[in-house]
Amino acid sequence: MTTVVGGIGTSHVPAVGAAIDHGKQDEPYWRPYFDKIQPAREWMAAQQPDVCIVVYNDHASAFSLQLIPTFALGVAAEFQPADEGYGPRQVPTVQGHPELAWHLAESLIGDEFDITIANEMDVDHGLTVPLSVMFGEPDAWPCRVIPICVNVIQYPPPSGKRCLSLGRAIRRALDSYAGSDADSLKVVVFGTGGMSHQLQGERAGLVNAEFDLAFMDELVAEPDTGCLRSHTTYIREAGSEGIELVMWFVMRGVLDDDVDEVFRMHHVPTSNTGNGLLILQNATG
């Protein structure tokens, strides 16, 4: 049995990765954001997880319109940073955990989630930026990573309710893991994407901070209600890319029903995006 030490909901804004990669953290535009996230990095350093399960969406790097899995699970021993058109990010190779990943695959499929199994999959900013947000610029990522890719690019994406159910199935899988390191394994789960933003059309640049903050409130206290929000509501209230927020429900589903909020940050703007960061732990009292 593994120990789930926390869940993180975070935006995966590519400009944040570029700011880190080019040493812009102290520039006036970026300094307020990086100052805000420092307590989150301190929390992560204190937890020292062995594995991070990162739920993210691919941006036409590993998958294209020729092949669109709703949920894809990476089971490889390592994952290379993807070239998104300007060369791969100069970040460490992501080291996987095949033993736990294959257990997740078997358990989830047995739990009636038809997961696509990826033996080879480059990972783009959707996964590497959250790692940079929480770990900074290490020579090697300090934990192993299991990527779970969710389709929120091509309609129809999964619902928030389905994502919450997936998270609960992942928790059942983690609770039943009996691998060689099961007794000592500490896991942190990321749900990434969003928050409110729209990249094109008449509403390009839309940010709805009121929606973002209400979403976080609901995710913490009422996930079974919040997960019922329709795709149309996300588009209307959070912009065409706001649908990425359904992935936060996967993270929430892995945690207990009752959670404690450890940290919350919301920052505008980072590249015309409502940028959020939320850390939850299972309630202790």
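Use the structure listed above.
This is a predicted model, so every value here is computed, not measured.

Colleague: Help me out: how do you make sense of the overall build of the protein in this one?
Modeller: Helices and strands together make up the secondary structure of the protein, namely nine helices and 10 strands. Taken against the 2.2 N^0.38 rule, which gives 19 Å for 285 residues, the C-alpha radius of gyration of the protein at 17 Å falls within 12% of a compact globule. Based on the C-alpha atoms only, the size of the protein along its principal axes is roughly 50 × 50 × 40 Å. The buried share of the protein, reckoned over its 285 residues, is 56%. Within the protein, contacts between residues separated by at least 24 positions form 80% of all contacts whose residues are at least 6 apart in sequence.

Colleague: What exactly am I supposed to notice about the packing of aromatic side chains here?
Modeller: Under the defined criterion, the tally for this structure stands at 10 aromatic pairs. With 5.1 Å between their ring centres and 80 degrees between their planes, Y29 and W30 make a pair best called edge-to-face. Ring pairing ties together the aromatic residues F211, F215, Y234, W248 and F249, which thus form one cluster. Across from the ring centre of F113, 3.8 Å away, lies the NZ or CZ of R162, which sits over that ring.

Colleague: What exactly am I supposed to notice about the pairing of strand β8 (residues 186-192) here?
Modeller: Across a regular strand the side chains alternate sides, sitting on one face of the sheet and then on the other. Burial analysis of β8 places six of its seven residues in the buried class, the great majority of the element. Summarising the sheet, strand β2 (residues 51-56) and β8 pair through five bridges and their orientation is parallel. When the sheet's bridge partners are listed, V54 is paired in β8 with F190.

Rules and cut-offs
- Residue numbering note: each chain is counted from 1, following its sequence as written.
- A pLDDT threshold of at least 70 governs which residues receive local features in this predicted model, and a stricter bar of 80 or more applies before side-chain atom pairs are shown or counted, although totals over entire chains, interfaces and linings include all residues.
- To get the side-chain values, take all heavy atoms of the structure and skip hydrogens and water.
- For the purposes of this entry, the term helix denotes a DSSP run of H or I that reaches at least four residues, the term strand denotes a run of E that reaches at least two, and both are numbered from the N terminus.
- In this setup the radius of gyration rests on C-alpha atoms only. A globule is expected at 2.2 Å times the number of residues raised to 0.38.
- With a 1.4 Å probe rolled over the protein chains alone, any residue whose accessible area is under 20% of its type maximum counts as buried; one over 50% counts as exposed, and the rest are partly exposed.
- By the convention used here, residues are in contact when the closest approach between their heavy atoms is within 4.5 Å.
- Note on aromatic contacts: the rings of Phe and Tyr and the six-membered ring of Trp form a pair at centre separations within 6.5 Å, being stacked when their planes are under 30 degrees apart, edge-to-face when over 60 apart, and tilted otherwise.
- Geometrically, a lysine NZ or arginine CZ counts as sitting over a ring once it is within 6 Å of the ring centre and also within 35 degrees of the ring normal.
- Note on pairing: DSSP must find at least two bridges between two strands before they are called paired.

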